[in-house]
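Observations on the model geometry
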Amino acid sequence: MFSKILIANRGEIAVRIIKTCRRMGIATVVVYSEADADSMAVEMADETVFIGPAPAAQSYLVADKIIAAARETGAQAIHPGFGFLSENAGFARRCAEEGIVFIGPNPHAIEAMGDKIESKKFAARANVSVVPGHVGEIDDTAHAIRISEEIGYPVMIKASAGGGGKGIRVAWNTQDVEEGFPAVKAEAKASFGDDRIFIEKFIESPRHIEIQVLGDKHGNVVHLFERECSIQRRNQKVIEEAPSPLLDAKTREAMGAQAVALAKAVNYDSAGTVEFVAGQDKSFFFLEMNTRLQVEHPVTELITGLDLVEQMIRSAYGEKLAFAQKDLKIGGWAIESRIYAEDPYRGFLPSIGRLVRYDPPAEGEVAPGVLVRNDAGVREGDEISMFYDPMISKLSTWAGTRLEAVDAMGRALEDFHIEGLGQNIPFLAAVMDQERFRSGKLSTNYIKDEFPDGFSGTTPTAFQRDLMAAVACAMHRTITRRAAPELMRDDWVVIEGGERRLVRVTNGEALTVEFLEDGRTLTLEDIDWRPGKAVFRGVLDGRAFSAQVEPLPEGFRIRHRAAAAKVLVLTPRIAELHERLPPKAAADTSKMVLSPMPGLVVTLDLAVGQQVRAGEPVAVIEAMKMQNIIRAERDGTVKAVNAAAGDSVAADEVLVEFA
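Quick caveat: nothing in here was measured; it's all calculated off a predicted structure.

1. Notes on the overall build of the protein
When its secondary structure is counted, the protein shows 17 helices and 40 strands. Rg of the C-alpha trace for the protein: 27 Å, near the compact-globule value of 26 Å for 659 residues, within the 12% margin. Put simply, 64% of the contacts in the protein that link residues at least 6 apart link residues at least 24 apart. Taken as a whole, the protein presents about 26600 Å² of accessible surface, with 50% of it coming from carbon and sulfur.

Listed below in structure tokens is the structure:
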């Protein structure tokens, strides 16, 4: 077995590979850029090599620097993780020339299946059903428009070398192609160093189902069943699960057989994924093959008991697979939620900054038959930069059934606390509670269908209103006892969301909250909170919970899953006076165009005095390798332009002012 492996990647996947290498007794080398000098992966590795500035094009994508680092440290093999050079056949071939083992498929397999244009040509020659589209080179925007019109709208514009949701746009009309084609080319060039584009028919209301395959250098290939990755936003996977709630045994066997046949046709000899677009009727079409480890591989590991990183290493070393297809079985159900640095309340725009608090849920067997796993490459105090993917971690749960795994995920998300930047945990929790998701009726349009106006949280349920009232009373009682014990009393008024409730709060072995007008009494036990803590844990009428809490100048802000509210605990007299206070008017920003995220201004070509109409593009802001078009929300005449191309801007910074 290898004695030393270089990891040509960063973040959580670098940490993930280090953990497997440690268990196998293999020393690790991590390369790092300026932005990652203090990263968790750098701290954990046995050796490290600095490879340049933060932009990937000057560090992680420079093959010469990676090879030189392997030479310098004596690493026998390179694991590329995912993204960066993981699907670069030239890099794999270069490793072979240098006498370094590339832990991934052979260069021929990467070329045949890793390139999205070539893979479709290959699949067509092999009589595999593929999505209709144009798989040749596209000259320019005008050519892209002609192709799109021939295929018929809607179409999907995709980077040939793309992955991870980067370099993809859905075009519903000619204007979308005019704007989307150059944007995709720019993203592809910046992220992958390859700006070739292809266009295919966009199938409406599809499901995204992929088959994990695993091969060795002796001609053996198996599949490790499927993953459903239909919950996507901007073509970026958000929630994955294994197995799929759509498939029956017959369809699973057919998809697995097709995936294995394609892999064997190119002598596939590592971990890879054959992706399919599936209809609700269980029909399916080959979409592409990812010739690398997938981000969502933990759910497959949880239902099979296999370590895919270990299997890749063993295959690269030349070992035969230690099992056959008949030896593999699906065990239980697994769900993965991607925790992203983005603000769901502001259109899921990137949110960069420091993890002021990072407190993930406990891992391992958290209850009988329930496992929690969190794959992360960050710690409290680390910074999420604008140069790389916005993922913070991948939270996975496993249980015997799908609903048990979903419930476990909802509970784990309650326990996940992050401060310092926007993150999508409330949104993920909302999905876990939705009846449609729980029923398994999924499609890649799920988020667009269920949240057509964006995400603004959920309305508290009756249980959540009770929970918020009880938590606020407990916090108020604790603070009052410390700060002004002479003001302690039992009868209070709780105000939440305009609802006014008379309560009586008493302490015994547990805290009891009696709703005097309803004749109901709640029991709050096992309280874990003290002033200064941002998470309140307890058991309300036998149900364990965690809530995110924040004292306000007046009352508390309490969030449970996706429901949040300001809650006041007042004396009856103060509650009466409070109702007479006028509401505070919101600031008028209608004459401003604000940057919705921190990032880099790519274009801003307006001039003072210029007329702008609602919906017109005003600027393009790049953040986390994605280009975002900022549009005017109203007609107006430009009064001031406060930024220019090349400027770094903060969230809510004023870009343009109208007269």
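2. Remarks on the sheet that holds strand β15 (residues 333-340)
Sheet architecture is open: nine strands sit in the order β14-β13-β10-β11-β12-β15-β23-β21-β20, paired in antiparallel fashion. In this open sheet, the two edge strands, each paired with only one partner strand, are β14 (284-290) and β20 (364-367). Strand after strand, the sheet turns through a mean of 30° between neighbouring axes, direction not considered. As judged from the six bridges shared by strand β21 (residues 370-376) and strand β23 (residues 391-399), these two strands associate in the antiparallel manner. Opposite Asp375, over in β23, you have Lys394 as the bridge partner. This element, helix α9 (residues 249-265), spans β10 (207-215), β11 (221-233), β13 (271-278) and β14 of the sheet and lies at about 110° to β11. Against the sheet, helix α12 (residues 402-414) engages β12 (236-242), β15, β21 and β23, with an angle of about 140° to β23.

3. As for helix α8 (residues 174-192)
With 19 residues, α8 extends 26 Å from end C-alpha to end C-alpha; this agrees with the ideal 27 Å at 1.5 Å per step. The largest bend along α8 measures about 30° and falls at Gly180, with the proline Pro182 one to four residues further on. Residues Val177, Gly180, Phe181, Ala183, Val184, Glu187, Ala188, Ser191 and Phe192 constitute the buried set of α8. Measuring from the backbone nitrogen of Gln175 back to the side-chain oxygen at the start of α8 gives 3.2 Å, which picks out Asn173 as the cap. Looking one or two residues past α8, Gly193 carries a phi angle of roughly 70°, positive in sign.

4. Some details on the environment of Met113
Position of Met113 among the secondary structure elements: in helix α5 (residues 107-114). The buried category is assigned to Met113, whose relative accessible area is 0%. Sequence-distant contacts of Met113, defined by excluding residues within four places in its chain, comprise Ser119, Phe122, Leu262, Val266, Phe286, Met289 and Thr291.

5. Comments concerning the pairing of strand β32 (residues 563-570)
Extensive coverage of β32 is indicated by the burial of six of its eight residues. Bridge analysis of strand β31 (residues 556-560) against β32 gives five bridges, and the strand direction is antiparallel. Bridged to Ile558 within β32 is Ala565. Where β31 folds back onto β32 in an antiparallel hairpin, the turn is made up of two residues, including Arg561, whose phi is positive at roughly 55°.

Reading the values: the criteria
- Residues numbered from 1 in each chain as written.
- Predicted model: local features only at pLDDT ≥ 70, side-chain atom pairs only at ≥ 80, totals over all residues.
- Heavy atoms only, no water.
- Helix = DSSP H or I, 4+ residues; strand = E, 2+ residues; numbered from the N terminus.
- Rg over C-alpha atoms; globule rule 2.2 N^0.38 Å.
- Contact = heavy atoms within 4.5 Å.
- Areas by Shrake-Rupley, 256 points an atom, 1.4 Å probe, with all protein chains shown as cover.
- Pairing = 2+ DSSP bridges.
- Axes fitted to C-alpha atoms, helices over the stretch in contact; angles between N-to-C directions.
- Expected span 1.5 Å × (residues − 1).
- Bend = angle between axes of the 7 residues up to and from the residue.
- Buried < 20%, exposed > 50% of the residue type's maximum accessible area, 1.4 Å probe, protein only.
- Polar contact = N/O pair within 3.5 Å; in protein donor to acceptor, adjacent residues only side chain to side chain.

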